[in-house]
Amino acid sequence: MTFPSISADNVIKILLALSQYPILSRRIRHYMRKALFARGIITRSAFDAEARQKAIESQAREGLHNPYEEERSDVWEERLLRVRDSLTDFYFAYNLPYEEFEYIVRKMLAERGNTDVEFIWFNPELAPQDMLFEQAEMIEAMPAKERQRYEARLQELKAVLIRTMISDQLKYIKIARQWFKVEDLRDIRMRKIGGGKIGGKAAGMLLAMRVLKETAPPELRERFRLPVSYYLGSDVFYNFLTFNDLIHWNDQKYKTEDQMRADYPMLCADFSKGQFPAEIIDNLDRILTEAEARPLIVRSSSLLEDNFGTSFAGKYESIFLPNQGDHDTRLSALIKAIANIYASVLNPDALMYRHHKELADYDERIGILIQIVEGERAGRYYFPHAAGVAFSRNLYRWSPQIKQDEGFLRLVWGLGTRAVDMLADDYPRLVALSHPRLHSSSDVRTIKRYSQQNIDAIDLEANTFTTVPAHEVLDPDYEPLRYIAQVEDEGSLVPIRSRLAPTEKMVITFDGLLARTPFAASMRAALSLLEANYGSPVDTEFTVQIVHPDDQPEVRITLLQCRPQSHIQGAADIQIPNDLDDEDIIFSSQTMVPHGAVETIRYVLYVPPEGYFRLETQEERTQLERAIGQLNSALKGETFIAVGPGRWGTSTPDLGVHVAYSDIYNSRALIELAGEKVGGSPEPSFGTHFFQDLMEANIYPLAVFLDDANATFKRDFFYKTQNQLMKFISIENPRVVAALKLIAVSDYRPNTHMDLLMDANKGRAVAFLVKEAPEPENETPLLGAAPSGLE
């Protein structure tokens, strides 16, 4: 390469020509600065001070009047780097001979290809992200033998990129840096809006997909994909608070629970009025342009969410947007959805959950995950063929032949909300992946009664999220119908073979999907791979598309999230005594039994079904909820369990007791009374968001089916024992008092406590009375013995 006669202008031209080699250009400037310092043209400290001052002046020209707080650290570092480069060019061009520059350039070009010479060592914690990406990509592109020398450096670069862009959770970083390629991280950066991290929900989804891409066989790998996603960085949350004068709400976590709950409606109203700076609006505009008229879902992705031991399941909002109408209408709906999710970060239940997990002092900024909703149009509605939540470990087996380590699904038709929430008189299909077609009951009437009755969908014409009776949407012309439903015929459930089958006799079972497609086998294999590579059981959310339903059916499974599965660290070996006296047994169950033990139970919190269902208003139910929460706080340090009708934690009062995690976290077990007269179901809460909370807090959920001849429920214990409630809390409403009872075990039989043993392997749980061991008596000194200490 030959150089023209060098002038000050030519120096700049040459460096611009070399800018296609960023690392080489930086190395040239590095030696240019060394020459400047060595010749005494300018000192290093003076150069650094001038560069800093000029960088601050450039901020002021852009309207940043408080530059130390208004600009992210990575943007500042990039700004400073560019100013340093410009100053280097200026001082060198006007103070040193052209020949010296020519010598430096020739020396660098001669050394091209020599990795040891070309490789620049810098502190990745302080360097701009562009520099990290350039060097990481350079290492990934090296031949395998040469790359091995720099593998540790590549791991360091990826760890820093993951920590600054995705998550600062150490367990996640340790796994993610081994799997993510630099192209994955660059794609995240291209789709990220604003500064900060994308949060736990997005992080888990991306990592799971990369693990499957690397470990799954081709036919399995091709069945899985990710939804089209965009990420709003966690720093945007604080920018939103500052931009809208909402920063005064950020101390909610340090208020009392009563203050949190009193403030929350006003907080939500303030947040809902919030707007975003122009640069964020521009990016949201771009998302809407790319999405066109396809529905969107706006999801929380907090820094603590979906982490090991703290899933935050259901604590923050997720909002479906039909995304119909003119551009301004769609943009306004998107902005409001994001603002509402930001408000949910400060909702009292989430804050109390953080306190219980000792995470209140963590700076919980929240990222936002915006995704195009998976599905297709069916009439006026939009929804996927199937959706649900999957677990690599089946913690509740309804048959001894079910294998715990082959996984479990909650499967619904339509949007997956019905798979993770407990709703009124509606049920997902429970699937044990070791035996996919095995129902929890063999009775057709029971299967029909506890099948899905309603579907969650997006109504494109009404521009809203809606719930509709399934029989109104079931259509003989709906292509995947025979994979989703069966028809009842003379006391049996049979496949749909004709378009003339009456929709009112159809039952959603998914037997066709489970028997005639590779769906179940694919989910089982994927969950096994994810568990093996996470080093922990996992749970995922997903949607399903049935491809070629009229020919050779295939499936496309879209992963929506993946996180460590919450589970109780129970005793490995549970031995229920064989010689228990019937008089000692308080209750027992042989259906969907977890594995573990709660010993030395002193109190039982009991919600009598009769009293509960007599509550006349929502206000009275709220009073009951608050009373249970107060009792939960008053019993801190005591070992107690809670027993009540139907599902604990349901959002529907007719289905069971509506409580939040913050109301029952001191309890050791929640016993759900199920049966015709108490609103129960054959699947109490396994797999719901509420269930995740119980698992994390080591609270065992257990159902007692009162209609089951093999179950025990000792009514005398629950109804003829004194109510100790008023010794702990005060309640004025007599109807609320009639709906809540606190039983001291020793009041039923003095000098006893209760043990609850649950053996999942044998499918049996028993709560029984145990006589207290007598306290040792004080020993009386022997006659004539000297008092203690004397001889």
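Residues numbered from 1 in each chain as written. Predicted model: local features only at pLDDT ≥ 70, side-chain atom pairs only at ≥ 80, totals over all residues. Heavy atoms only, no water.

A short note on the overall build of the protein
The condition is simple: Numbering of helices and strands starts at the N terminus; helices are DSSP runs of H or I of at least 4 residues and strands are runs of E of at least 2. Relative accessibility under 20% of the residue-type maximum defines a buried residue, over 50% an exposed one, and the middle range a partly exposed one, all with a 1.4 Å probe and only protein chains included. Using a 1.4 Å probe, accessible areas were evaluated by the Shrake-Rupley method; residue-level cover was limited to the displayed protein chains.
Within the protein, the secondary structure is distributed over 32 helices and 28 strands. Taking all 791 residues of the protein together, the buried fraction comes to 56%. A total of about 35500 Å² of accessible surface is found on the protein, and carbon and sulfur atoms cover 48% of it.

Points about the packing of helix H8 (residues 129-140) against helix H12 (residues 182-191)
Cut-off, in case you're wondering: Helix axes are fitted only over the stretch in contact, all axes being lines through C-alpha atoms; the angle between N-to-C directions runs from 0 to 180 degrees. Relative orientations are named as follows: roughly parallel for angles under 35 degrees, roughly antiparallel for angles over 145 degrees, roughly perpendicular for angles from 65 to 115 degrees, and oblique for any other angle. What makes a crossing left-handed is the near helix being turned counterclockwise from the far one by less than a right angle; a clockwise turn instead makes it right-handed. Contacts are residue-level and defined by heavy atoms, with any inter-residue pair within 4.5 Å sufficient. Residue classes follow a fixed rule: Ala, Val, Leu, Ile, Met, Phe, Trp, Tyr, Cys and Pro count as nonpolar, while Asp, Glu, Lys and Arg count as charged, and any other residue, Gly among them, counts as polar.
Relative orientation of the contacting elements H8 and H12 amounts to 155°, with a least axis distance of 10 Å. On the basis of their axis angle, the class for H8 and H12 is roughly antiparallel. The two elements H8 and H12 meet at a crossing, and its hand is left-handed. Residues Gln 129, Asp 130, Phe 133, Ala 136, Glu 137 and Glu 140 of H8 lie in contact with H12, whose contacting residues are Val 182, Leu 185, Arg 186 and Arg 189. Here the residues of the contact of H8 with H12 are counted per class, giving four nonpolar, one polar and five charged.

Details of the pairing of strand S9 (residues 386-391)
The following threshold applies: Strand pairing is assigned whenever DSSP detects at least two bridges linking the two strands.
Buried residues dominate S9, accounting for six of its six residues. Covered by surrounding structure in S9 are Ala 386, Gly 388 and Ala 390 together with Ala 387, Val 389 and Phe 391, the residues of both alternating faces. Sheet topology note: the S9/strand S17 (residues 538-547) ladder contains six bridges and is antiparallel. Looking at the pairing, Val 389 lines up with Glu 541 of S17. Of the strand pairs in this sheet, S9 and strand S10 (residues 408-412) are connected by five bridges, and their pairing is antiparallel. Residue pairing for S10: Ala 390 is matched across the bridge by Leu 409.

Notes on unusual backbone geometry
Its identity as a non-glycine residue notwithstanding, Asn 323 has a phi of 65°, on the positive side. Structurally, the position occupied by Asn 323 is in the loop between strand S5 (318-321) and helix H18 (327-344). The backbone of Phe 510 sits at a positive phi, close to 65°, despite the residue not being glycine. With respect to the secondary-structure elements, Phe 510 resides in the loop between strand S16 (506-508) and helix H24 (511-516).

Brief notes about the sheet that holds strand S27 (residues 752-759)
One open sheet accounts for five strands, arranged S20-S27-S28-S19-S25; its pairing is antiparallel. Each edge of the open sheet carries a strand with a single partner, namely strand S20 (596-601) and strand S25 (712-713).

Details of the packing of aromatic side chains
Stated formally: A pair of aromatic rings is counted whenever rings of Phe, Tyr or Trp (Trp by its six-membered ring) have centres within 6.5 Å, and the orientation is called stacked for planes under 30 degrees apart, edge-to-face for over 60 and tilted otherwise. Definition used: whenever NZ (Lys) or CZ (Arg) falls within 6 Å of the ring centre and also within 35 degrees of the ring normal, the charge is taken to sit over that ring.
Overall, the coordinates contain 24 aromatic pairs when judged by the stated rule. Centroid distance Phe 240 to Phe 276: 5.0 Å. Interplanar angle 40°. Geometry classified as tilted. With Phe 240 in helix H15 (residues 235-243) and Phe 276 in the loop between helix H16 (257-272) and helix H17 (278-291), this residue pair connects regions lying 36 residues apart in the sequence. Above the ring of Tyr 230, the side-chain terminus of Arg 191 is found at 5.2 Å from the ring centroid.

Focus: the environment of Gln 53
By the secondary structure assignment, Gln 53 is in helix H3 (residues 44-61). For Gln 53, a relative accessible area of 42% puts it in the partly exposed group. On a C-alpha basis, the gap between Gln 53 and Leu 80 in space is 9.4 Å, while along the polypeptide they are 27 residues apart.

Focus on the sheet that holds strand S14 (residues 485-489)
By definition, the strands of a sheet pair up through backbone hydrogen bonds, in either a parallel or an antiparallel sense. An order of S15-S14-S16 is seen for the three strands of this open sheet, with the pairing classed as antiparallel. If you trace the sheet from one side to the other, it starts and ends with strand S15 (492-495) and S16, each paired once. Across this sheet, the average inter-strand angle for adjacent strands is 45°, counted without regard to direction. Relative to S16, S14 runs antiparallel, the two being bridged by three bridges. Along S16, the bridge assignment pairs Ala 485 with Ile 508.

Quick word on H8
Given 3.6 residues per helical turn, the α-helix brings residues three or four places apart onto the same face. Test applied: How far a helix is expected to stretch is found by multiplying one less than its residue total by 1.5 Å.
For H8, with twelve residues, the first-to-last C-alpha span of 16 Å sits near the 16 Å given by 1.5 Å per residue. Among the residues of H8, Gln 129, Met 131, Leu 132, Phe 133, Gln 135, Ala 136 and Ile 139 are the ones counted as buried.

Here's the deal with the pattern of salt bridges
Note the following rule: Any Lys or Arg side-chain nitrogen found within 4 Å of a carboxyl oxygen on Asp or Glu counts as a salt bridge.
Across all of its chains, the model carries 39 salt bridges by this definition. Between Asp 263 and Lys 255 there is a salt bridge, with the nearest N and O atoms lying 2.9 Å from each other. Judged by its relative accessible area of 25%, Lys 255 is partly exposed. Between Glu 488 and Lys 448 there is a salt bridge whose closest N-O contact spans 2.9 Å. Of the two residues, Glu 488 is situated in strand S14 and Lys 448 in helix H21 (residues 444-449); the sequence distance between them amounts to 40 residues. By relative accessible area, which is 33% here, Lys 448 ends up partly exposed. One network of salt bridges, with partners in common, ties together Arg 29, Arg 33, Asp 85 and Asp 89.

Examining the environment of Gln 722
Mapped onto the secondary structure, Gln 722 falls in the loop between helix H30 (715-719) and helix H31 (734-738). On the basis of relative accessibility, which here comes to 49%, the residue Gln 722 falls in the partly exposed class. For the pair formed by Gln 722 and Tyr 748, sequence separation is 26 residues and the distance between their alpha carbons is 8.1 Å. When neighbours within four sequence positions are excluded, Gln 722 is seen to be in contact with Lys 741, Leu 742, Ile 743 and Asp 747.

Remarks on the nonpolar core
The cut-off we apply is this: To form a nonpolar core, buried Ala, Val, Leu, Ile, Met, Phe, Trp, Tyr and Cys residues must be joined to one another through side-chain atoms within 4.5 Å.
Ile 166, Trp 413, Leu 513 and Phe 519 are the most contacted members of the largest nonpolar core, which has 85 residues in total. Discounting residues that sit within four places of it in the chain, Phe 519 has contacts with Leu 409, Leu 411, Leu 513, Leu 514, Phe 542, Val 544, Val 555 and Ile 557. If you look at the next biggest cluster of nonpolar residues, it comprises 43 residues, including Val 298, Tyr 316, Ile 335 and Ile 338.

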